[in-house]
Amino acid sequence: MMPKPPVCRTDHNSWPEWPRVLKTDYGQEEAMSQFGCDPRIYQTTATEFCKDKDGQVCGVKTVQLEAGTFKPIPGTEQVLKADLVLIAAGFLGSQKYLTDAFGVKLTKRTTIETGDDYKTSKEHVFAAGDVRRGQSLVVWAIAEGRAVAKAVDESLMGYTNL
Ligand SMILES: Cc1cc2nc3c(=O)[nH]c(=O)nc-3n(C[C@H](O)[C@H](O)[C@H](O)COP(=O)(O)OP(=O)(O)OC[C@H]3O[C@@H](n4cnc5c(N)ncnc54)[C@H](O)[C@@H]3O)c2cc1C
């Protein structure tokens with residue numbers, strides 16, 4: 001949906017900010033050499049998946065978007081052939097059915113709200129890892145797993161040796 005990033009830093013993105021420039025990974029390079037073009041399509045969104053007579057996916061309808069407003073540009077619709085569709089939409093917070101089931105309070109980013117003690121708004125319910133801190137790293141998941149075990153032990157026993 002976003003425009004193609006510039007090859008070099010712009011004046012609004014000088015060092016030491018993270019460089020918001022075009023990056024091409026080896027997988028993309030391989031696709032370019034195999035198929036002759038960049039597999040990435042910018043300023044475009046999928047509007048519909050198409051199916052064949054057997055109900056199998058056979059294409060995806062797309063439309064180009066106006067830069068900045070993300071409004072569809074009429075007349076730019078096209079259908080790309082597809083045998084398989086993988087949706088990689090990123091981390092969108094905790095799953096609602098789960099947090100509803102526990103009745104825990106959420107943050108604005110729909111992660112589970114806790115204090116430093118990993119306690120949620122619901123007594124005896126603790127949260128740790130991505131569901132608490134948002135999309136993160138394995139090292140954080142391990143560290144929070146250990147820390148929450150300690151917090152649970154302390155809550156149950158009144159002390160902890162962990
Ligand atoms: C594509 C991708 C690539 C990544 N690459 C890296 C990387 O290179 N390096 C890195 O450090 N991190 C990476 N991460 C992030 C890392 O995987 C996460 O930060 C980490 O796994 C979070 O651990 P977690 O235990 O908090 O959550 P999760 O690993 O998500 O574990 C949650 C578990 O809860 C289970 N669950 C959910 N609902 C229920 C339910 N109702 N009942 C029972 N079980 C349930 C799930 O099945 C899952 O097993 C990547 C993440 C993704 C998605």
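Above: the structure in question.
Cut-offs applied
- Residues numbered from 1 in each chain as written.
- Predicted model: local features only at pLDDT ≥ 70, side-chain atom pairs only at ≥ 80, totals over all residues.
- Heavy atoms only, no water.
- Helix = DSSP H or I, 4+ residues; strand = E, 2+ residues; numbered from the N terminus.
- Buried < 20%, exposed > 50% of the residue type's maximum accessible area, 1.4 Å probe, protein only.
- 1 Å grid on protein atoms, 1.4 Å probe; cavity = no way out; pocket = protein on both sides within 12 Å on 5 of 7 lines; lining within 4 Å.
- Points joined across faces, edges and corners; volume = space filled by probe spheres on them.
- Nonpolar A, V, L, I, M, F, W, Y, C, P; charged D, E, K, R; others polar.
- Near = heavy atom within 4 Å.
- Polar contact = N/O pair within 3.5 Å; in protein donor to acceptor, adjacent residues only side chain to side chain.
- Areas by Shrake-Rupley, 256 points an atom, 1.4 Å probe, with all protein chains shown as cover.

## Here we look at unusual backbone geometry
And then number 1: Of note, the bond from Trp-15 into Pro-16 is cis; its omega dihedral lies within 30 degrees of zero at 10 degrees.
And then number 2: Considering the arrangement of structural elements, one finds Pro-16 in the segment before helix H1 (26-35).
And then number 3: Of note in this structure, Thr-110 is not a glycine but carries a positive phi near 55 degrees.
And then number 4: For Thr-110, a relative accessible area of 31% puts it in the partly exposed group.

## What to know about the layout of surface pockets
And then number 1: In this model, the largest pocket occupies a volume close to 780 Å³.
And then number 2: As for the largest pocket, its lining consists of 19 residues, of which Ala-46, Val-60, Thr-62, Leu-80 and Leu-86 are closest to the centre.
And then number 3: Secondary structure elements with two or more residues in the lining of the largest pocket: strand E1 (44-51), strand E2 (57-64) and strand E3 (78-81).
And then number 4: No other element matches E1, which puts 4 residues into the lining of the largest pocket.
And then number 5: Class assignment for the residues of the lining of the largest pocket results in 14 nonpolar, 3 polar and 2 charged.
And then number 6: Size it by volume and the second largest pocket reaches roughly 190 Å³.
And then number 7: The residue inventory of the lining of the second largest pocket, partitioned by class, reads 5 nonpolar, 3 polar and 2 charged.

## Brief notes about the site of the ligand
And then number 1: What surrounds the ligand is the set Tyr-97, Leu-98, Gly-129, Asp-130, Ser-136, Leu-137, Val-138 and Ala-141.
And then number 2: Within the contact set of the ligand, a nitrogen atom lies 3.2 Å away from a side-chain nitrogen or oxygen of Tyr-97.
And then number 3: Within the complex, 29% of the 1000 Å² of free accessible area of the ligand lies under protein.
And then number 4: Secondary-structure elements contributing two or more residues to the shell around the ligand are helix H2 (96-102) and helix H4 (138-157).
And then number 5: In terms of residue class, the shell around the ligand is made up of 5 nonpolar, 2 polar and 1 charged.

So yeah, pure geometry; function would need other evidence.
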